[in-house]
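Take a look at the letters that make up each chain.
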Amino acid sequence: KAEGYITSLAPMESYLDPTTSDFSRALTFEDPQYHHILPAPFKYHGHNCYAYLLAKYGSSSYDLIFVQLYESYSKAAYAIETRHKDAAAYLAHLLDLYSQGWLVNFDQDPTVGIHSQIV
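Residues numbered from 1 in each chain as written. Predicted model: local features only at pLDDT ≥ 70, side-chain atom pairs only at ≥ 80, totals over all residues. Heavy atoms only, no water.

Looking at the overall build of the chain
Part 1 of the reasoning: Broken down by element type, the chain carries three helices and six strands.
Part 2 of the reasoning: Order of helices (α) and strands (β) in the chain, N terminus to C terminus: β-β-β-α-β-α-α-β-β.
Part 3 of the reasoning: What you see for the chain is a C-alpha radius of gyration of 15 Å, in line with the 14 Å of a compact globule of 119 residues.
Part 4 of the reasoning: Expressed as lengths along the three principal axes of its C-alpha atoms, the size of the chain is roughly 45 × 35 × 25 Å.
Part 5 of the reasoning: The buried share of the chain, reckoned over its 119 residues, is 32%.
Part 6 of the reasoning: Taking contacts inside the chain between residues at least 6 apart in sequence as the whole, the part at least 24 apart equals 70%.
Part 7 of the reasoning: Carbon and sulfur atoms make up 57% of the accessible area of the chain, which amounts to about 7,400 Å² in all.
Part 8 of the reasoning: Averaging the coordinates of the 7 positive side-chain charges in the chain and doing the same for the 13 negative ones gives two points 3 Å apart. (Helix = DSSP H or I, 4+ residues; strand = E, 2+ residues; numbered from the N terminus. Rg over C-alpha atoms; globule rule 2.2 N^0.38 Å. Buried < 20%, exposed > 50% of the residue type's maximum accessible area, 1.4 Å probe, protein only. Contact = heavy atoms within 4.5 Å. Areas by Shrake-Rupley, 256 points an atom, 1.4 Å probe, with all protein chains shown as cover. Lys, Arg positive; Asp, Glu negative; His and termini not counted. Charge placed at Lys NZ, Arg CZ, Asp CG, Glu CD.)

A few points about unusual backbone geometry
Trans peptide bonds make up most of the peptide bonds, and negative phi angles are found at most residues other than glycine.
Part 1 of the reasoning: Positive phi, normally seen in glycine, also occurs at Asn48, with a value near 60 degrees.
Part 2 of the reasoning: Among the residues examined, Asn48 registers a relative accessible area of 0% and is labelled buried.
Part 3 of the reasoning: The phi dihedral of His84 is positive, around 60 degrees, even though this residue is not glycine.
Part 4 of the reasoning: Within the fold, His84 resides in the loop between helix H2 (75-82) and helix H3 (87-100).

Some words on the environment of Pro11
Part 1 of the reasoning: For Pro11, the position within the fold is in the loop between strand S1 (8-9) and strand S2 (24-29).
Part 2 of the reasoning: For the pair Pro11 and Ala40, spaced 29 residues apart in the sequence, the C-alpha separation amounts to 24 Å.
Part 3 of the reasoning: Excluding anything up to four places from it in sequence, Pro11 contacts Leu16, Tyr50, Ile65, Phe66, Val67 and Gln68.

Points about the nonpolar core
Part 1 of the reasoning: Judged by nonpolar contacts, the single largest core of 13 residues is most densely connected at Leu16, Val104 and Phe106.
Part 2 of the reasoning: Considering each element in turn, this core owes the most residues, three residues, to helix H1 (residues 51-57).
Part 3 of the reasoning: In this structure Val104 touches Ser21, Asp22, Phe23, Asn48, Ala51, Ser116, Gln117 and Val119, once residues within four positions along its chain are discounted. (Core = buried A, V, L, I, M, F, W, Y, C linked by side-chain atoms within 4.5 Å.)

Here's the deal with a nonpolar patch on the surface
Part 1 of the reasoning: A cluster of nonpolar side chains, contributed by Leu64, Phe66 and Tyr70, occupies part of the molecular surface with about 370 Å² of accessible area.
Part 2 of the reasoning: Relative to the assigned elements, Tyr70 resides in the loop between strand S4 (64-65) and H2. (Patch = residues over 30% accessible without salt bridge, like charges linked within 9 Å, V, L, I, M, F, W, Y side chains within 5 Å. Salt bridge = Lys/Arg side-chain N within 4 Å of Asp/Glu carboxyl O.)

A word on the side chain of Ser14
Part 1 of the reasoning: Tracing the sequence through the fold places Ser14 in the loop between S1 and S2.
Part 2 of the reasoning: Within the structure, Ser14 has its side chain in polar contact with the backbone nitrogen of Gly46 (distance 2.9 Å). (Polar contact = N/O pair within 3.5 Å; in protein donor to acceptor, adjacent residues only side chain to side chain.)

Quick notes on the environment of Leu53
Part 1 of the reasoning: Structurally, Leu53 can be placed in helix H1.
Part 2 of the reasoning: With 44 residues separating them along the chain, Leu53 and Leu9 place their C-alpha atoms 9.2 Å apart.
Part 3 of the reasoning: Setting aside chain neighbours within four positions, we find Leu53 in contact with Leu9, Gly58 and Tyr62.

Considering the environment of Phe66
Part 1 of the reasoning: Structurally, Phe66 can be placed in the loop between S4 and H2.
Part 2 of the reasoning: Sequence separation between Phe66 and Glu13 is 53 residues; the distance between their C-alpha atoms is 9.5 Å.

What follows is the structure, given as structure tokens:
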């Protein structure tokens, strides 16, 4: 960025999720809200792994953070498609959560060397 480059992040929703404080570098979690829908667990969700980049380098290091809400079996898809939430209202609420920041429990993985903080 200092040399004029534009920088961005494009995490899947569970990799940068303001609805939970959980943190892990593992990407093999499942979302329990889908248990009654799927015939087998979908174990490819994360717990705020991209939040580490925001905590370490600061959000101002990125020109654009584009969260991929189309992640397979995302919370957004569940809310809109299964629970029939209004998409515009859901997205507006999600944007509010992102803009307010949220606590991420980095202390759940002491090896990253970052203490729990708001990102």
